[in-house]
Amino acid sequence: MGIDETNATSRLDAENFTHQQITAIESIHTWLKRLRIHFAASDDAALHYESNLKRNSSSVYPHPFHAFRNQCGGLSESSSHETDPVRAAIRSIAIQNYPGLLIETHQNQRDLIRGSFHRNEAVVRLFREHPDFSSLFLSTEILARSVLIVPTGGRLFQPDIVPDWIVLTAFMVSRIRGQQNFGGYLEQVFHFLEVTRQLASGKSVTVPVFHAFRQIGLPNSVKTKDGELRPMPQSAFGLFPKETWPHKSSDGKVFGIVYETAIQISVLAQAKYDYDWGSDDNDPFEEAIRPHRTKIKKTEIKLNREQQTIESAVSLAGDRSPAVAALSAWRYVANPLQMDIVWRTASRSLPSPHWLTESEAKHLGFWIKKAKRFEGRLGIAQRRIQSALVNRNQPIDAFVDAIIAWDNLFGSKSGGEIRFRISMAIACLLETDPNKRLELQKEFQSLFDLRSDLVHGSKDTDAVEWPEINKKKERSIEVILECLRVLLRDHPSLLTDPDKARKIIAGSTIATEQSD
């Protein structure tokens, strides 16, 4: 505030504060000084706050923020005209915990609840006894746990944290969407209260799903049939571990994007959890989840395919060399009953950050539409391309992945000389001039031969020069991406044709199909 300690003390003495309030303010000032010192020694002051301040908090108020506020006189809430006692209670919790939620923790949701929320047993009792929510409570014990199965999986469930979880889900959704005002947050709180009410009654509800990616920047939002792709807002950073944060350039550009779509969820099953950890028999978790494994598997496949579609579309839209890659950072399903979040911090080969141009961003929606049409049919090729871009530390491994994608896209069960058929099919697809086709065919066959030598041990991998194999890796990725562009854009029916290579070679030219 620009006030030295002497003036600050004089100002405190002059104001009409109680001794208890002055003590609280002085405590805050002391911790702020320590935090300021920590800033000079580390880049993670928030983690210092969590690990040190929390230990000094009151046992009644598990977060120091609540302890300080209580010492200063408690919370003064604005009057509420809510007639529904549940809405009034959830509003009170939302207001009480909002300032504490603004403190970044870099931890997961459960830790955030334990550290930031002041548990209100009266509110828990209100939910347990309310007819709209009582079905979630299988026991009269407040801390009783159960097994809760939803389409995204099964987890242990603590009904006593439902009110807190509703508030936390609302906070996370508002921050991921870049809504940093209290009004937007409170609106989401009431929305997820109603979502919880519907889930408790056995109904199926639509909730948002967020897929986040690093190392790729977007100048503006891109709307699709099923969702919207947006630049990642700064407000979303602190919700997830620091290892998942996107790169930020010196001029303020954030190389991170978030794809928001939606999914239907419902409570598939719920069972009491009184499992004896010393026994391997009659695990209630296994018994509850077994009848729903097929549905859970389908949901996981759907979510994974959405991720793959965005990854492929980004590489297809960014038509450059080296290829553009989006690195998956985290996925969050906004389920107010469970923590449904996966973050991915490990990547053996971190791709260079790329900022999509206005033109590339404009075409991104087009490639999402095209790639989505063939979700599941290009799975191996898509995964191998992505693996070559982000999962391989050695260029030799990335090169092999790229050539496997060639084989997957153009290979077939029929016999014949595989090297010639695949290399010629690619050359015919990408070039119309006969002489240039032959040149490309020879180049592509040499790449295919190199891959065979490396895989089957005919060539010593240690003897391969890094600059040489890295150049061939980039060329192989460039070729397979261009093949996908041509097939998706001009010849979509060939993508699922197992005999595409022969048909491409058979014609001297390929008539461009009507674009759908």
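Residues numbered from 1 in each chain as written. Predicted model: local features only at pLDDT ≥ 70, side-chain atom pairs only at ≥ 80, totals over all residues. Heavy atoms only, no water.

Describe in detail the overall build of the protein chain, supporting the description with residues and values.
Along the protein chain, the regular secondary structure elements total 19 helices and 12 strands. Relative to its full complement of 516 residues, the protein chain shows a buried share of 49%. Pairs at least 24 apart in sequence give 73% of the contacts found in the protein chain among residues at least 6 apart. Carbon and sulfur atoms provide 49% of the accessible area of the protein chain, an area that totals close to 25,100 Å². (Helix = DSSP H or I, 4+ residues; strand = E, 2+ residues; numbered from the N terminus. Buried < 20%, exposed > 50% of the residue type's maximum accessible area, 1.4 Å probe, protein only. Contact = heavy atoms within 4.5 Å. Areas by Shrake-Rupley, 256 points an atom, 1.4 Å probe, with all protein chains shown as cover.)

So what about the sheet that holds strand β1 (residues 146-150)? Which residues, and what values?
Within the open sheet, the three strands sit side by side as β2-β1-β9. Their pairing is antiparallel. At either margin of the open sheet sits one strand with a lone partner, and together these are β2 (153-157) and β9 (269-272). Put simply, the sheet's adjacent strands are angled 20° from each other on average, direction ignored. Strand direction decides the pairing type here: β1 and β2, joined by five bridges, are antiparallel. (Pairing = 2+ DSSP bridges. Axes fitted to C-alpha atoms, helices over the stretch in contact; angles between N-to-C directions.)

Tell me what's going on with the pattern of salt bridges, and back it up with residues and numbers.
Under the definition given, this model contains 22 salt bridges. Note that Arg485 is salt-bridged to Glu482, the shortest N-O span being 3.0 Å. Here Arg485 and its partner Glu482 are both found in helix α17 (residues 466-490), three residues apart, which amounts to about one turn of the helix. Judged by its relative accessible area of 5%, Arg485 falls in the buried class. According to the relative accessible area criterion, Glu482 is partly exposed, its value standing at 25%. Salt-bridge contacts for Lys503 lead to Asp497; the nearest nitrogen and oxygen are separated by 2.6 Å. (Salt bridge = Lys/Arg side-chain N within 4 Å of Asp/Glu carboxyl O.)

Go over the packing of helix α15 (residues 418-430) against α17 with me, naming the residues and quoting the values.
Between α15 and α17, the shortest axis-to-axis distance is 10 Å and the interhelical angle comes to 60°. The pairing of α15 with α17 is recorded here as oblique in orientation. The handedness of the crossing between α15 and α17 comes out as left-handed. In contact with Ile426, Leu429 and Leu430 of α15, α17 contributes Val479, Glu482, Cys483, Val486 and Leu487. Class assignment of the residues belonging to the contact of α15 with α17 gives a composition of seven nonpolar, no polar and one charged. (Parallel < 35°, antiparallel > 145°, perpendicular 65-115°, else oblique. Left-handed = near helix turned anticlockwise from the far one by under 90°. Nonpolar A, V, L, I, M, F, W, Y, C, P; charged D, E, K, R; others polar.)

Could you give an account of helix α9 (residues 182-200), naming the residues involved and the relevant values?
Taking 1.5 Å of rise per residue, 19 residues should cover 27 Å, and α9 covers 27 Å from first to last C-alpha, within 8% of that figure. The N-cap of α9, judged by a side-chain oxygen 3.3 Å from the amide nitrogen of Gly183 a few residues on, is Asn181. With its phi angle positive at about 90°, Gly202 sits one or two positions after the end of α9. (Expected span 1.5 Å × (residues − 1). Polar contact = N/O pair within 3.5 Å; in protein donor to acceptor, adjacent residues only side chain to side chain.)

Lay out helix α5 (residues 85-101) in plain terms, naming residues and giving numbers.
Taking 1.5 Å of rise per residue, 17 residues should cover 24 Å, and α5 covers 24 Å from first to last C-alpha, within 8% of that figure. The largest bend in α5 amounts to roughly 25° and is located at Ile95, with the proline Pro99 lying one to four residues further along. The element α5 is extensively covered by neighbouring structure, given that 12 of its 17 residues are classed as buried. Listed in full, the buried residues belonging to α5 are Val86, Ala89, Ile90, Arg91, Ile93, Ala94, Ile95, Gln96, Asn97, Tyr98, Gly100 and Leu101. Sitting at the head of α5, Asp84 places a side-chain oxygen 2.9 Å from the backbone nitrogen of Val86. (Bend = angle between axes of the 7 residues up to and from the residue.)

Could you give an account of the packing of aromatic side chains, naming the residues involved and the relevant values?
Scanning the model with the defined rule gives 12 aromatic pairs in all. Pairing Phe127 with Phe133 gives two aromatic rings, centres 4.8 Å apart and planes at 50°, and the pair type is tilted. When the centroid spacing of 5.7 Å and the interplanar angle of 55° are considered together, the rings of Phe182 and Tyr185 count as tilted. Residue Phe182 and its partner Tyr185 are both found in helix α9; the two are separated by three residues, about one turn of the helix. On the accessibility criterion, Tyr185 (1% relative accessible area) is buried. Taken together, Tyr98, Phe171, Phe182 and Tyr185 form an aromatic cluster joined through their ring pairs. Sitting above the plane of the Phe190 ring, Arg87 keeps its charged end 4.0 Å from the centroid. (Phe/Tyr/Trp six-rings, centres within 6.5 Å; stacked < 30°, edge-to-face > 60°. Lys NZ or Arg CZ within 6 Å of the ring centre and 35° of its normal.)

Account for the nonpolar core, with residues named and values stated.
Among the nonpolar cores identified, the biggest contains 67 residues, and Leu229, Leu364, Trp406, Leu409 and Phe410 are the most heavily contacted of them. In terms of residue count, the dominant contributor to this core is helix α14 (residues 395-410) (11 residues). When near neighbours in sequence (up to four residues on either side) are disregarded, Trp406 contacts Gly411, Ile422, Ile426, Phe444, Leu447, Phe448, Ser476, Val479 and Ile480. In terms of nonpolar packing, the next biggest core, distinct from the first, is built from 55 residues, Ala89, Phe133, Phe237 and Tyr332 among them. (Core = buried A, V, L, I, M, F, W, Y, C linked by side-chain atoms within 4.5 Å.)

Tell me about unusual backbone geometry, and please be specific about residues and values.
In the segment running from Ser321 into Pro322, the intervening peptide bond is cis, with an omega of 0°. Of note, Pro322 is situated in the loop between α11 (293-317) and β10 (327-333). Positive phi, normally seen in glycine, also occurs at Gln215, with a value near 70°. For Gln215, the position within the fold is in the loop between β3 (205-214) and β4 (216-217).

An account of the side chain of Gln308 is requested, with residue identities and associated values reported.
Its location among the elements puts Gln308 in helix α11. Excluding residues that lie within four positions of it along the chain, Gln308 makes contacts with Gly379, Gln382 and Arg383.

Interpretation in functional terms is not warranted from these geometric data alone.
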